[in-house]
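Remarks on the overall topology
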Amino acid sequence: MAVGTSKRSVVGHNVTKVDGPSLVCGRPKFTMDIDLSGSLVGVILPSPHAHARIKSIDTSAAESLSGVVCVLHHGNVSRIAHTTAGQGWPEPSPYDTFLFDNKVRYVGDKVAAVAANSEQVAREALRRISVEYEVLPSLLSVDAALAAGSPAIHDETDAEGIYDAAGNVAAAVDIPVGDVAAALAQAEVTVEATCEIPYSQHVPIEPHCTVAYFDEDGRLVVRTSTQVPFHVRRIVARVLELPLHRVRVVKPRIGGGFGVKQEVLLEPVAGALALRTGKAVRMVFTREEEFVSSRTRHPMKVRVALGAGKDGVLRALEMEATSNTGAYGAHALTVLSNVGSKTLPLYNKPHDLRFHGRAVYTNLPVAGAYRGYGATQGYFPLEVAMDQLAERLQIDPVELRLRNHIREGETSPIFERIGEGREGVAQIVRSCKLEECLRLGAERFGWREKRSAPRQRGPLTYGVGMACAMQGSGITGIDMGAATIMLNEDGSFRLLIGATDLGTGSDTVLAQIAAEMLGVPVEKISVYSSDTDFTPFDVGAYASSTTYVSGTAVLRAAQEVRSQVLDVAAAMLRQSRDTLEIHDGRVHGSAGKSVSLEEVGHRAAYVVDQHHIAATASCVPEESPPPFAAFFAEVCVDRETGLVRLERMLGVADCGVALHPRLAEGQVEGAMAQGVGHALFEEMVFSERGRCVNTNLLDYRIPSSTDLRSLEAILVDSYEPSGPLGAKSIAEIGINGPLPAISNAIYHAVGVRLARAPFTPGRVLRALEGKG
């Protein structure tokens, strides 16, 4: 629930989602809801080995099969180094990937692709492809990859941007501020926590899927489930050696992304098959392929050391991260950087800081973008260490956060020293209601009452824990969003945006911004988004950027269109434009005079001084205002079985002005649900040969409604001066809190600290036995 109400007519209200009725009615809006006559089915041959060189490949038996139209592999396609990470150019991720390579680096890596007239024929063709492999030593852990004498996973000479290929290090960061070693040595109290997050998958309800075909002018059209249509266009054009203008990318509705669809995976393969055959090609990952061959969260081990005075104020803070990027380095540097950049500024009292870490190649599935994007991995040990410090000093954990968190008007050197793979930008925090989040959350949760003494009932013990987090709103000085708004003759408007709605409701929120400025209801705004031919450029949906960055572009375009409307209306009313106001679909002047927007649109199009009332505006953010949140968790631990049951999860967030409160609350609730999955259930398990053995939703468990007994989000009143109508981001922050909050709650209940996720019954029992 939102605290407080908005005085605006559109923004701050829970309007109907612009795509809601069509989705509820099941109208065909998704990638595969298109029927192209004569289209082929594309499938990929995965590697059975974690690390091997392809000595030879024979596709003759597959090609002779009736219905097979094309087989592609490293021997018959161009070798173009690229990254699959959909990020702004120049990409910070290494160019260590090829459409097909003569070496495979994990079980599930691409070996070949087949296009046939049916899926059955295509999969039979895969079975007929004969591949001779030279099996190489498999490096299935970070320690194995870093060990002296280990083979280089990327020994190719044409890769670019790898930090240390011979040492299997994709990226590295070392940011010292002051002398943290000396500060830790001089601190009156020190604590240290090392926590580990395993492989986990996003599990979008809709897997990766793509349709590649040709328009009437022979241009390649890629209809795809993506978060980054303009990055898809750039990368597909590079890989397929096409001029950019010969590629069009269309994003329809998406059945979930969470970061995994910031990756460009099927689109180049489908495009290559279409170009080779001259026919449309459809490709869809199976659920098993989605687990293994798409992307995962970066498994990571992170160590945090805190030094403080006896008053609880931090004097020193060190964070060291070791990230497993898997077989390729997509997002390796930027996720690693965010482990520090999105966490360390939260507690800005220390003058001595250090963040350092490495992203390491292994022969396991490729990690990539995942909601939270490194911050999730960083907050786990940071907030566990804060809980340890509170215990050492006998200070309430809420009070300890209140003594140390950043406040309005303050800054942190980390803002300037670490960006997303580049140096950051110095910035002042202009809005921060974390204190209100902490106090309100503690009150609503009954924190002090529940904290005083854990409840017990037989073998069941109840405990509570909490955590704080911040995130960001877009990437400063790098990413850009744009919007175009046009007035129609009937007084309605068209809003064209490159921004990508993942089901988050961004089409609706951006329409609200336009409607608020133009004095009309949302129903008068027709939204068309994410088509590289018809919508203006936008980097896409990632880095919690859409509301803040794309929303600012919409606001600027709406302000310009509003100005043009007032110019025409002033001439019609014969009044100064400075006296005019727009609301309820009309331009109102003095003496009760007014004209409708329909009259304004008709006059501009047909009557006098004809011109199209329209504007395009862009935004490249100069700062990235962080949202803040406090999380409170209550758990029930069965001391006999080790089972941990979540009783209640509360998140209290500051996202500036909530433009659509219900959607904002839904973002916090959904993110917290995923965080609960990280804490209690989710882990990809691998065999000794590197094969994932739980690639289905029976063996890989995600939270269900029965696991989320009480999940609540509260939004506090706030206003971000640099944001569109006072807004900043909300989509990611909710995933950062459950893991440390639940860990701290388990400790409160039974006195054992769990430092490796997920907190399964077996791990809890082993910890209890170790304590005993």
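Residues numbered from 1 in each chain as written. Predicted model: local features only at pLDDT ≥ 70, side-chain atom pairs only at ≥ 80, totals over all residues. Heavy atoms only, no water.

1. A look at a negative patch on the surface
Together, Glu-489, Asp-490, Glu-598 and Glu-599 make up a negatively charged patch on the protein surface. Among the structural elements, Asp-490 can be located in the loop between strand S18 (481-487) and strand S19 (493-497). Overall, the relative accessible area of 41% leaves Asp-490 in the partly exposed class. (Patch = residues over 30% accessible without salt bridge, like charges linked within 9 Å, V, L, I, M, F, W, Y side chains within 5 Å. Areas by Shrake-Rupley, 256 points an atom, 1.4 Å probe, with all protein chains shown as cover. Salt bridge = Lys/Arg side-chain N within 4 Å of Asp/Glu carboxyl O. Lys, Arg positive; Asp, Glu negative; His and termini not counted. Charge placed at Lys NZ, Arg CZ, Asp CG, Glu CD. Helix = DSSP H or I, 4+ residues; strand = E, 2+ residues; numbered from the N terminus. Buried < 20%, exposed > 50% of the residue type's maximum accessible area, 1.4 Å probe, protein only.)

2. Considerations on the domain arrangement of the protein
The domains assigned to the protein are domain 1 (20-29 + 480-619), domain 2 (36-136 + 205-256 + 260-292) and domain 3 (300-475 + 623-771). Once you take the C-alpha centre of each, domain 1 and domain 3 turn out to be 38 Å apart. Between domain 1 and domain 3, the residue contacts involve 18 residues of the former and 20 residues of the latter. Across the domain 1 to domain 3 interface the summed buried area is about 1,400 Å²; carbon plus sulfur atoms make up 68%. Our count for the contact surface shared by domain 1 and domain 3 stands at zero salt bridges. Here domain 1 is connected to domain 3 by five residue pairs in polar contact (both at pLDDT 80 or more). The set of elements that each furnish at least two residues to the side of domain 1 that touches domain 3 consists of helix H15 (506-518) and helix H16 (546-573). Here the residues of the side of domain 1 that touches domain 3 are counted per class, giving eight nonpolar, nine polar and one charged. (Domains from an automatic or database assignment. Contact = heavy atoms within 4.5 Å. Buried area = accessible area lost by both parts, 1.4 Å probe. Polar contact = N/O pair within 3.5 Å; in protein donor to acceptor, adjacent residues only side chain to side chain. Nonpolar A, V, L, I, M, F, W, Y, C, P; charged D, E, K, R; others polar.)

3. Some words on helix H19 (residues 738-750)
Here H19 is 13 residues long and its end C-alpha atoms lie 18 Å apart, about the 18 Å a rise of 1.5 Å per residue gives. Counting buried positions along H19 gives twelve out of 13 residues, so the element sits mostly inside the fold. Within H19, burial applies to Pro-738, Leu-739, Pro-740, Ala-741, Ile-742, Ser-743, Asn-744, Ala-745, Ile-746, His-748, Ala-749 and Val-750. (Expected span 1.5 Å × (residues − 1).)

4. A word on the sheet that holds strand S20 (residues 525-529)
Taken together, four strands build an open sheet; the order of strands is S20-S19-S18-S24 and the sheet is mixed. Two strands close off the open sheet at either side, each with one partner strand: S20 and strand S24 (614-619). Strand-to-strand, the axes of this sheet are offset by a mean angle of 15°, without reference to chain direction. Bridging between S19 and S20 involves five bridges; their strand directions are parallel. (Pairing = 2+ DSSP bridges. Axes fitted to C-alpha atoms, helices over the stretch in contact; angles between N-to-C directions.)

5. A word on the sheet that holds strand S13 (residues 300-308)
The strand order S7-S15-S14-S13-S8 describes an open sheet built from five strands, whose pairing is mixed. Strands at the two margins of the open sheet, each flanked by one partner only, are strand S7 (169-177) and strand S8 (189-197). Across the sheet, the mean angle from the axis of one strand to that of its neighbour is 5°, orientation sign disregarded. Summarising the sheet, S7 and strand S15 (residues 352-361) pair through eight bridges and their orientation is antiparallel.

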